[in-house]
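Coordinate analysis (summary)
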Amino acid sequence: MQKLVLSALAVRIGIALSTCTFFQPDEYYQSLEVAHYLVFGYGQLTWEWLASDPIRSIVYPALNVPVYWLLKVSHLDNTSALIWGPKLLHGTLAACTDIWLARLTRRVTGERYVNAALFFSFTSFFHGLSLSRSISNSAETSLTTVALSYFPWDINSPKWRGDLSRTLLFAALAYAIRPTNAVIWVFMFTWLLWTVRGRPSTVLAIILTASFIGTSVILTTITLDSLFYGELTLTPFNFLRTNASSVSLFYGRSPWHYYLSQAVPILATTTLPWVVHGAYIVAGPAAPAPFKVLLGAMIWTILVYSLAGHKEWRFIHPLLPLMHIVASKSFVDSHDAKSALSSGKLLRRRLFIALSVPAIAYVALLHGRAQVDVINYLRGLSPIVSNSIGFLMPCHSTPWQAYLHRHDLADEGRLWALGCEPPLHGQDVAVYKDQTDIFYESPLDYLKTRFPLRVNPAFPPSSHPRSRPGVDMHEQHPWRHEWPQNLVFFGALLQQPEVQDLLLALGYGEVWRAEHGWEGDDRRKGGVRVWRYRDAPES
């Protein structure tokens, strides 16, 4: 056990510390940025936090608050510890997935399947991409795995009540972080209650324990959220209501088969053949009941999630450890003592599974790296040459103050980016356009009509550089900018008609650029560039 704990911590913290790339805006804007705002008093809060009915709970970002507070009181917040401090925390949380996966596998299938499940977990592409990042789905994955590892499969065991309490506690925490996690537990506890339906006292004990722990966690969440927002706030209710509305479709609509045809193959990657074969074995009559229940929970969750219009790979991340257990059944059973497979063939299969490791290195070290590197560059600039900075990019394309940590740029008129607020006030999603959409329809027209004709060398703050998140504007497109001292954008913007000529004529010139890896979004091609007003002194 000690060896597993040390190995899991080494792998997950190692990945966390070495990761220097951009994956999801939520890694920053729904986690680190909020905690930074709480501790240091500045940072960008998105519409989810500023809407009249906010949908985000402070519970998950609050995990980072002790880290930032310690850095603040020890005066280490202006060092690299600001970056790697939270990484240590989330790497440790990620390791919980591997540690408790071993326990869950042991209880469901037996000891001989544990090493295979761990091999799949440690070499998992999606775990390598996402598990060690500060994304709520990653913490949800760890908490779900821990909760399932204590699930009371055997009600006749003398420890079943303690296991039930542990399961409910970690499940409730997962729900507090991601309310949609309740879908998994509806299935699991429906099965549990059905199996003990002939024992009224046991049914009552389960219901009372669930009610007590669930109510305690929900009331604690409501209290913390209400303290943060300054009024009674029911974020789980707001979250579910908002995501059941057309607002979620603003972020994309996927076909009903998305999770089966895209998400599951991407999450499983090289493990997919064993996941499919393992599911076939588990569906047969000889598989143990707990195995069948886990497979049923996977199918149920995917079916329910498929009903929603907006879908993302990471939404089913909590199911990935279950896929690894299912895959271990196929992998081990096909290589047991009765198998005629040679050791060479076994080695080739292991190498095939491990093909995901180079892919992990790519997404952790290269893909989207320039979007993080540019913030590190800007953070090190003297205020003399970075009096104001504007980002002409798709919204939330880079980290913000949680990485930049520049109090002199706390005024959003001096540090701004294009917004992308969804249609919160009943607008038609099919025709609604946010600030980013308007900008990319015609960048040249936007720059000519919403910026002054000339650069003011004093670089005054912009009066209205982006939409106010969660606020209903009387004017449809009210954005007004002053030319900043530094402009940050993707190189593709310079390919737009006359944009480069305009910037050069105004007096801007390139001072920094970086490009790493492939990019599929045309707007994000060409690497990241920083252009500075040429009359500014050199750094």
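For the structure itself, look to the data block above.
In this text, all values refer to a predicted model and were calculated from it rather than measured experimentally. (Residues numbered from 1 in each chain as written. Predicted model: local features only at pLDDT ≥ 70, side-chain atom pairs only at ≥ 80, totals over all residues. Heavy atoms only, no water.)

Check the secondary structure of the chain and you find 24 helices and 5 strands. Principal-axis analysis of the C-alpha atoms places the extent of the chain at approximately 80 × 60 × 50 Å. Within the chain, the fraction of its 539 residues that count as buried is 55%. A fraction of 77% describes how many contacts in the chain between residues 6 or more apart in sequence connect residues 24 or more apart. Considering the chain, the positive charge centre built from 45 side chains and the negative charge centre built from 38 side chains are found 12 Å apart. (Helix = DSSP H or I, 4+ residues; strand = E, 2+ residues; numbered from the N terminus. Buried < 20%, exposed > 50% of the residue type's maximum accessible area, 1.4 Å probe, protein only. Contact = heavy atoms within 4.5 Å. Lys, Arg positive; Asp, Glu negative; His and termini not counted. Charge placed at Lys NZ, Arg CZ, Asp CG, Glu CD.)

Turning our attention to the packing of helix α9 (residues 136-149) against helix α10 (residues 160-177). In the contact formed by α9 and α10, the axes pass within 8 Å of each other and the chain directions differ by 165°. Here α9 lies roughly antiparallel to α10, going by the angle between them. Crossing handedness for the pair α9 and α10: left-handed. Within the contact between the two elements, α9 uses S136, A139, E140, L143, T144, V146 and A147 and α10 uses T167, F170, A171, L173, A174 and I177. Residues of the contact of α9 with α10, tallied by class, amount to 9 nonpolar, 3 polar and 1 charged. (Axes fitted to C-alpha atoms, helices over the stretch in contact; angles between N-to-C directions. Parallel < 35°, antiparallel > 145°, perpendicular 65-115°, else oblique. Left-handed = near helix turned anticlockwise from the far one by under 90°. Nonpolar A, V, L, I, M, F, W, Y, C, P; charged D, E, K, R; others polar.)

The next thing to look at is the side chain of Q371. Mapped onto the elements of the fold, Q371 is located in helix α20 (residues 370-379). Every residue in contact with Q371, bar those within four places of it in the chain, is listed here: F22, S397, T398, P399, F490, R524 and V528.

Strand order in the open sheet made by the 5 strands is β2-β1-β3-β5-β4, with mixed pairing throughout. Edge positions in the open sheet fall to β2 (415-417) and β4 (508-514), since each of these has one partner strand only. With strand direction ignored, the average angle separating the axes of adjacent strands in the sheet is 20°. Relative to strand β5 (residues 528-533), strand β3 (residues 486-490) runs antiparallel, the two being bridged by 5 bridges. The residue of β5 that forms the bridge with F489 is R529. (Pairing = 2+ DSSP bridges.)

A contiguous nonpolar surface patch, about 260 Å² in accessible area, is contributed by L17, W84 and L88. Along the polypeptide, L88 turns up in helix α6 (residues 81-108). (Patch = residues over 30% accessible without salt bridge, like charges linked within 9 Å, V, L, I, M, F, W, Y side chains within 5 Å. Areas by Shrake-Rupley, 256 points an atom, 1.4 Å probe, with all protein chains shown as cover. Salt bridge = Lys/Arg side-chain N within 4 Å of Asp/Glu carboxyl O.)

The next subject is the environment of F23. Within the secondary structure layout, F23 lies in the loop between α1 (2-18) and α2 (26-40). On a C-alpha basis, the gap between F23 and I135 in space is 9.9 Å, while along the polypeptide they are 112 residues apart. The residues touching F23, leaving out its near neighbours within four places in the chain, are F126, L129, S130, R133 and I135.

Attention now moves to α6. An ideal rise of 1.5 Å per residue puts 40 Å on 28 residues; α6 measures up with 40 Å between its terminal C-alpha atoms. Of the residues one or two after α6, G110 is the one with positive phi, at around 115°. (Expected span 1.5 Å × (residues − 1).)

Moving on, we get to the side chain of S134. You can see S134 is positioned in the loop between α8 (125-131) and α9. Take S134: its relative accessible area is 4%, and that puts it in the buried class. Here the side chain of S134 touches E27 through a polar contact of 2.7 Å, landing on its backbone oxygen. Not counting residues within four places of it along the chain, the set of residues in contact with S134 comprises D26, E27, S31, L32, Y60 and H90. (Polar contact = N/O pair within 3.5 Å; in protein donor to acceptor, adjacent residues only side chain to side chain.)

Our next topic: the state of the cysteines. Under the criterion given, the structure shown has 1 disulfide. Here C395 connects covalently by a disulfide to C420, the sulfurs 2.0 Å from one another. Taking the sign of the S-S torsion, 85° for the link of C395 and C420, the bridge is right-handed. Here C395, found in the loop between β1 (389-392) and α21 (401-404), pairs with C420, found in the loop between β2 and α22 (435-441); they are 25 residues apart in sequence, far enough to count as distant. Like C420, C395 is buried. (Disulfide = S-S within 2.5 Å.)

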